[in-house]
Amino acid sequence: MARLEIQQIPVLNDNFIYLAREPKSGAVAVIDPALAAPVLERAAQLGWRITYILNTHHHADHVGGNLEIKAATDCTVVGPGHDPDRIPGMDIQVKDGDSFDLGGARAEVLFVPGHTRGHIAYWFKDSAALFCGDTLFSIGCGRLFEGTPRQMWASLERLRALPAETQIYCAHEYTESNIRFALSVDPGNAALQRRAAEVKSLRAAGRYSVPSLMGDECAANPFLRADAPELAAAVGMKGCDPAEVFAEVRRRKDVF
Ligand code: ZN
Ligand code: FE
């Protein structure tokens, strides 16, 4: 297996769709296609033949292109077996601990509920690539639409345990607004200040802030730092259960 080639397609206001190709076999996966047309167009430009759709969760801005892409390419749709009824066109259900083979590139499936009750992530260990949908964002995390703070904290704890060099391919460019919030709860964090400066110059140059590195997120993302004493103290919860600190930080973000 060779390292995946990854293409990033910006769509809608702030979504990213990804194309990932295993170069030896030519197998290509689309991850979370909000729409079909921009994906089919990009694949045609590249001469890539789409063989799979990988979905992380059921929201329309992640599965909206499923049926049209499937009809156009006859690809196989892979999605969360934890949520069998809400993924259009799903052929293969995968669950926590399963692996998925993309033409020789192996992805491990991680169950990361919280944003939705069935959310999964795909970790291509050998390519150091994590496709995590709306669970983890750069300097943020997904809203809790269907899960509890405790569930989401457990999901984020699993993700942050991945290697520091893991590239986080999340599904939205929310980083600048996430940083504004993060600085309000963790203003003394030097890693966060560095990330803020970096993202400011990336965005000013018209570039994306995604993917980001797990090592950097662990240091700067307040939602991965609910067990850091400084953060607990900053929200007035010194010594509290990290899941409760997480819940408070998430609550504050919801009303920021
Ligand atoms: Zn979502
Ligand atoms: Fe989304």
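Placed above this text is the structure.
What you are looking at is a predicted structure, and each value in this text was computed from that prediction instead of being measured.

Asker: Quick question: what am I supposed to make of the sheet that holds strand E2 (residues 15-21) here?
Answerer: Sheet strands associate in pairs through backbone hydrogen bonding, adopting either a parallel or an antiparallel arrangement. Judged by pairing direction, the sheet is mixed, and its six strands sit side by side in the order E1-E2-E3-E4-E5-E6 without closing on themselves. The open sheet terminates on both sides in strands that have one partner only, identified here as strand E1 (5-11) and strand E6 (92-94). Strand-to-strand, the axes of this sheet are offset by a mean angle of 20°, without reference to chain direction. The pairing of E1 with E2 spans seven bridges and is antiparallel. Counted as the bridge partner of Gln8 is Tyr18 from E2. Against the sheet, helix H1 (residues 37-46) contacts E1, E2 and strand E3 (28-31), and its axis sits at roughly 140° relative to E1.

Asker: Mind showing me how you'd approach the pattern of salt bridges here?
Answerer: Per the stated rule, a full pass over the model turns up 17 salt bridges. Of the charged contacts, one joins Asp96 and Arg158 as a salt bridge, the two residues approaching to 2.8 Å between their closest N and O atoms. Pair noted here: Asp96 is in the loop between E6 and strand E7 (99-102) and Arg158 is in helix H4 (residues 149-160), with a separation of 62 residues, a long-range link. Take Arg158: its relative accessible area is 34%, and that puts it in the partly exposed class. Ionic contacts of the salt-bridge type, sharing partners, join the residues Asp83, Arg86 and Glu146 into one network.

Asker: What is the right way to read the coordination of the zinc ion (ligand 1) from this model?
Answerer: His57 (NE2), His59 (ND1), His115 (NE2) and Asp134 (OD) make up the full set of protein donors to the zinc ion (ligand 1), lying at 2.2 to 2.3 Å. What the four donor atoms of the zinc ion (ligand 1) show is an angle range of 85 to 169° at the metal, which sorts the shape as irregular. Here the donor residues of the zinc ion (ligand 1) share one chain and are spaced in sequence as H-x1-H-x55-H-x18-D. Between the two metals, the zinc ion (ligand 1) and the iron ion (ligand 2), the spacing is 3.2 Å, and Asp134 donates to both.

Rules used in this analysis
Residues numbered from 1 in each chain as written. Chains lettered and ligands numbered in written order. Predicted model: local features only at pLDDT ≥ 70, side-chain atom pairs only at ≥ 80, totals over all residues. Heavy atoms only, no water. Pairing = 2+ DSSP bridges. Helix = DSSP H or I, 4+ residues; strand = E, 2+ residues; numbered from the N terminus. Axes fitted to C-alpha atoms, helices over the stretch in contact; angles between N-to-C directions. Contact = heavy atoms within 4.5 Å. Salt bridge = Lys/Arg side-chain N within 4 Å of Asp/Glu carboxyl O. Buried < 20%, exposed > 50% of the residue type's maximum accessible area, 1.4 Å probe, protein only. Donors = N, O, S within 2.8 Å, 3.2 Å for Na, K, Ca; no water. Tetrahedral: all angles 85-135°; square planar, octahedral: opposite > 155°, others 65-115°.

These values are about where atoms sit, not about what they do.
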